[in-house]
Amino acid sequence: MEQPAGEVLRYHDKEQSSALLLQLNALRREEILTDVSLCSESTEIPCHRNVLVSSSPYFRAMFCGSFLERQQTKITLKGVPSAILSSIVDYVYTGLVDISMEIVLPLMQAASLLQYGRLFEACSSYLQEQLSPDNCLSMIRLSEILSCDSLRNKAKEMAMQRFSDISGSEDLCELSLPELLGYLEDDGLCAEEEQVFETLVSWIHHDPITRGGAISDLFKKVRLRYIHPTYLFQFIANDPLIQSSTLCTELIESVRRLMFSVSTKCTSDTSIDFKPLWVAPRRYACQDMLVVVGGRKNSEQTSREALVYDETTRTWRQLAKLPVRLYKPSYVTLHSVLYVLGGLTTNTEQAQVSSSVYTLSLKTNQWRMAEPMLVPRFAHQSVSYLHFIFVLGGFGPDRRLTSSVERFNSMFNQWERMSAMPEAVLHPAVAATNQRIYVFGGEDPMQNPVRIIQVYHIARNMWCKMENRMVKNVSAPAAIIKDKIYIIGGYTRRVIAYDTKANRFVKCANLKERRMHHSATVLKNKLYITGGRFINSCDVVEDSDHFDCFDPQTDSWTSQGALPYKLFDHGSLTLAHVSQTWAKS
């Protein structure tokens, strides 16, 4: 009978390849079976053709093609220093090479010439580890000379992320106009628009005779919409370079007219199309971060805490604490600054109704005092629109419910009285869009729900009101996504969206529980709801640490975890920051 075939063992000697390479290197050093010498300067290095051919397309073409070197026993490599050639031959036979700043450039050039791709990339990786804001621009120049995409991409990434550090450097001033334009028009540039302007001015002043004419092209890359009006109209507008350019002054005047007319429509009476410049988005590096501030913490006293949410780690980080404890102030953001307005001071023997305004930016993480309101108030509402902050209603200094309205003009840093609301209401939902402020519901002085919408036309300084049976919200926030105003809860589970263009309400997915005194903000076209109070299944009111997200695209709610503590009557806002600035803090 035939014997069954035995099992096949495929033996893999893992040491064979390295041992063979070691033996070949030993033969090279003893000049045994070597058949070609590589020459540089006065140095000759004996090698084996088959080893060189196996290691590089360059030598394969040289020794296996129809070149004269195929018949030669000595090959002179011009432009490759002898020490570098010796290092490369050692690398071919051992896989080892020492890379240092003294030899990395000639080694990289030789690796490119002789087509040792992995050695070339190893040199690139070494240079990438040496990158810093001080040398990243010169590394970009070097990468272009060496045709090294990996080094160029890494150096360009650092230049974009650390633009704040390189903006005043000599290397940046040496950039060509197309190169500088490439940076300034990039959405990913990590810089505030004020710094973008200062950078282009420094670049022009470096060679004003030949570069002065570029001011118009460069200034069009500054996203004027995101510059603080005071800086724009008092500093930039008076800069001699700007005043020397008709186009630049027309751009600034277009912004001025737009802001004074309180209109979202772009003017068209300039020599250029202004609209694309005005609607340019924030740079990607300027991200909105979710900030939670103030409120009642753990059902106890008013809180001075301020927190910022880190999306990448899904954790909360502490910001600087509010200088004072405030009961029911209002919270709003304008020009990447958080404002805390008014409130009832609780850290004194006798509570005082405050007109104070405190501000915070992520750039400094410091609280500052701003121009106080005209009227002290608490339990009021605030909303921002263009360069204005509007403060509506609340309890005045006499502790009575008021319908008064005042407006802060950030362009002139001053407050002014505006037309009062038709009806004084407490805890309404408030939002501003398309030149109008919408005040939904709330309750009257007798704590009865008010089923009206009060609408304020900003440009005309006029109010109107209309009854609507869909409105029945108290202590509910409002937030805007595109053309819809979302009203979330308010002693109810209901979420409704008011379509401002169609003038109608749309029902959305309900909250999981009846919720009030919570806060809402918009981040990346999604609603984020923080804290508040809710009525449980036993009709008992509880404080909440919930952190939930509503996606209008899917009409669904998802939990984002929890706040560090239970919180209500607080502010929840999105605050713009420059990514690298926050990372360095």
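Values in this document were obtained by computation on a predicted structure and should not be read as measured data.

Enquirer: How do you make sense of helix H12 (residues 193–206) when you look at a structure like this?
Expert: Since one α-helical turn is 3.6 residues long, residues separated by three or four positions face the same way. Compared with the 20 Å implied by 1.5 Å per residue over 14 residues, the 20 Å span of H12 between its first and last C-alpha is a close match. Most of H12 is tucked away, with 10 of its 14 residues classed as buried. Within H12, burial applies to Glu 193, Glu 194, Gln 195, Val 196, Phe 197, Thr 199, Leu 200, Val 201, Trp 203 and Ile 204.

Enquirer: Looking at this structure, how should I read helix H1 (residues 16–29)?
Expert: Over its 14 residues, H1 extends 20 Å from the first C-alpha to the last, a length consistent with the 20 Å expected when each residue adds 1.5 Å. Glu 31 sits one or two positions beyond H1 and adopts a positive phi of about 55°.

Enquirer: Can you walk me through the nonpolar core in this structure?
Expert: Tyr 116 and Phe 219 are the most contacted members of the largest nonpolar core, which has 83 residues in total. If we skip the residues at most four places from it in the chain, Tyr 116 touches Leu 52, Ser 55, Ser 56, Phe 59, Ile 88, Tyr 91, Val 92 and Ala 111.

Enquirer: Mind showing me how you'd approach the packing of H1 against helix H4 (residues 82–94) here?
Expert: When two helices pack together, their arrangement is given by the angle between the helix axes and the distance between those axes. Where H1 contacts H4, the two axes come as close as 8 Å, and the packing angle between them is 140°. Here H4 runs oblique to H1, going by the angle between their axes. Of the residues in H4, those in contact with Leu 21, Leu 24, Asn 25, Arg 28 and Arg 29 of H1 are Val 89, Asp 90, Val 92, Tyr 93 and Thr 94. Partitioned by chemical class, the residues of the contact of H1 with H4 number 5 nonpolar, 2 polar and 3 charged.

Enquirer: Explain the sheet that holds strand E1 (residues 36–40) here, please?
Expert: Pairing between the strands of a sheet is mediated by backbone hydrogen bonds and can be parallel or antiparallel. Pairing in this open sheet of 3 strands is mixed, and the strands run E2-E1-E3 from one edge to the other. Of all strands in the sheet, those with a lone pairing partner are strand E2 (43–47) and strand E3 (74–76), marking the two edges. Between one strand axis and the next, the sheet turns by 25° as a mean value, whatever way the strands run. Bridging between E1 and E2 involves 5 bridges; their strand directions are antiparallel. Of the residues in E2, the one forming a bridge with Ser 37 is Pro 46.

Enquirer: Explain unusual backbone geometry here, please?
Expert: Comment: phi is negative for the bulk of residues other than glycine, and the bulk of peptide bonds are trans. In the Ramachandran plot, Glu 31 falls in the positive-phi region, its phi being about 55° despite a non-glycine side chain. Structurally, Glu 31 can be placed in the loop between H1 and E1.

Enquirer: Teacher, can you tell me more about the environment of Phe 440 here?
Expert: Locating Phe 440 in the fold gives a position in strand E20 (residues 436–440). On the basis of relative accessibility, which here comes to 0%, the residue Phe 440 falls in the buried class. Spatially, the C-alpha atoms of Phe 440 and Gln 287 are 30 Å apart, while their sequence positions differ by 153 residues. Apart from residues lying up to four places away in sequence, Phe 440 is in contact with Pro 428, Ala 429, Ile 452, Ile 453, Val 471, Asn 473, Ile 485, Ile 487, Tyr 498 and Phe 505.

Enquirer: How should the domain arrangement of the protein be read in this particular structure?
Expert: How big an interface is tends to be stated in terms of the accessible area lost upon association of its parts. Along its sequence, the protein is carved into domain 1 (26–130), domain 2 (175–259) and domain 3 (287–577). Here the C-alpha centre of domain 2 lies 51 Å away from the C-alpha centre of domain 1.

Enquirer: Where do I start with the UniProt feature "domain: BTB" (unreviewed entry) in the protein in this structure?
Expert: In the UniProt entry, the feature "domain: BTB" (unreviewed entry) is given for residues 34–101. As annotated, residues 34–101 has a helix share of 41% and a strand share of 19%, and its two end C-alpha atoms lie 32 Å apart.

Enquirer: I would appreciate a short explanation of the sheet that holds strand E16 (residues 388–392) in the present structure.
Expert: Here 4 strands make up an open sheet; going across it, the order is E15-E16-E17-E18 and the pairing antiparallel. Strands at the two margins of the open sheet, each flanked by one partner only, are strand E15 (381–385) and strand E18 (414–418). The sheet shows a mean angle of 25° between the axes of neighbouring strands, direction not considered. Of the strand pairs in this sheet, strand E17 (residues 405–409) and E18 are connected by 5 bridges, and their pairing is antiparallel. Bridge pairing links Val 405 to Met 418 in E18.

Enquirer: What is the right way to read the packing of H12 against helix H15 (residues 229–236) from this model?
Expert: It is the contact of H12 with H15, at a shortest axis distance of 11 Å, that shows an interaxial angle of 20°. Taken together, the axes of H12 and H15 are roughly parallel relative to one another. Classified by chirality, the crossing of H15 by H12 is right-handed. Note on element contacts: H15 touches H12 through Tyr 231, Phe 235 and Ile 236, opposite Glu 194, Phe 197 and Glu 198.

Enquirer: Help me out: how do you make sense of the pairing of strand E19 (residues 429–433) in this one?
Expert: Along any regular strand the residues' side chains alternate between the sheet's two faces. Burial runs high along E19: 5 of the 5 residues are buried. Burial of E19 is two-sided: the residues Ala 429, Ala 431 and Thr 433 facing one way and the residues Val 430 and Ala 432 facing the other way are all buried. Across 5 bridges, the pairing between E19 and E20 is antiparallel. Note on E20: the bridge partner recorded for Ala 431 is Tyr 438. Here E19 folds back onto E20, and the loop between the two strands holds 2 residues, one of which, Asn 434, carries a positive phi near 50°.

Enquirer: What should I look at first to understand the environment of Arg 152 in this one?
Expert: Relative to the elements of secondary structure, Arg 152 occurs in helix H8 (residues 149–161). For Arg 152, a relative accessible area of 29% puts it in the partly exposed group. It is 9.1 Å that separates the C-alpha atoms of Arg 152 and Gln 128, two residues lying 24 residues apart in sequence. Discounting residues that sit within four places of it in the chain, Arg 152 has contacts with Ile 140, Ser 143 and Glu 144.

Enquirer: Even after reading the chapter, I still don't get the packing of aromatic side chains, so can you show me in this structure?
Expert: Aromatic rings in a pair are described by how distant their centres are and how their planes are angled relative to each other. Applying the stated criterion across every chain, the model contains 25 aromatic pairs. Ring geometry for Tyr 309 against Trp 316: centres 4.9 Å apart, planes inclined by 50°, an arrangement best described as tilted. By relative accessible area, which is 17% here, Trp 316 ends up buried. Aromatic pair Tyr 438 and Phe 440: ring centres 6.1 Å apart, planes at 15°, arrangement stacked. When sorted by exposure, Tyr 438 lands in the same class as Phe 440, which is buried. Members of the aromatic cluster, connected to one another through ring pairs, are Phe 197, Phe 219, Tyr 231 and Phe 235. The ring of Tyr 93 has Arg 28 sitting right over it, with the charged end atom 4.9 Å from the ring centre. One residue, Arg 533, lies across the ring of Phe 568, its end atom 4.5 Å from the ring centre.

Enquirer: Is there a simple way to explain a negative patch on the surface in this structure?
Expert: A cluster of acidic side chains, namely Asp 134, Glu 170, Asp 171 and Glu 174, defines a negative patch on the protein surface. By the secondary structure assignment, Asp 171 is in helix H10 (residues 170–173). Overall, Asp 171 belongs to the partly exposed group, its relative accessible area being 30%.

Enquirer: Please explain the environment of Phe 395 as it appears in this structure.
Expert: Examined against the element boundaries, Phe 395 turns out to sit in the loop between E16 and E17. Residue classification places Phe 395 among the partly exposed positions, given a relative accessible area of 21%. Leaving out residues up to four positions away in the same chain, Phe 395 has contacts with Val 353, Pro 376, Arg 377, Phe 378, Ala 379, Arg 400, Leu 401 and Leu 426.

The rules we used
- Residues numbered from 1 in each chain as written.
- Predicted model: local features only at pLDDT ≥ 70, side-chain atom pairs only at ≥ 80, totals over all residues.
- Heavy atoms only, no water.
- Helix = DSSP H or I, 4+ residues; strand = E, 2+ residues; numbered from the N terminus.
- Expected span 1.5 Å × (residues − 1).
- Buried < 20%, exposed > 50% of the residue type's maximum accessible area, 1.4 Å probe, protein only.
- Core = buried A, V, L, I, M, F, W, Y, C linked by side-chain atoms within 4.5 Å.
- Contact = heavy atoms within 4.5 Å.
- Axes fitted to C-alpha atoms, helices over the stretch in contact; angles between N-to-C directions.
- Parallel < 35°, antiparallel > 145°, perpendicular 65-115°, else oblique.
- Nonpolar A, V, L, I, M, F, W, Y, C, P; charged D, E, K, R; others polar.
- Pairing = 2+ DSSP bridges.
- Domains from an automatic or database assignment.
- UniProt positions renumbered as here; feature names shortened; annotations may be inferred.
- Left-handed = near helix turned anticlockwise from the far one by under 90°.
- Phe/Tyr/Trp six-rings, centres within 6.5 Å; stacked < 30°, edge-to-face > 60°.
- Lys NZ or Arg CZ within 6 Å of the ring centre and 35° of its normal.
- Patch = residues over 30% accessible without salt bridge, like charges linked within 9 Å, V, L, I, M, F, W, Y side chains within 5 Å.
- Areas by Shrake-Rupley, 256 points an atom, 1.4 Å probe, with all protein chains shown as cover.
- Salt bridge = Lys/Arg side-chain N within 4 Å of Asp/Glu carboxyl O.
- Lys, Arg positive; Asp, Glu negative; His and termini not counted.
- Charge placed at Lys NZ, Arg CZ, Asp CG, Glu CD.

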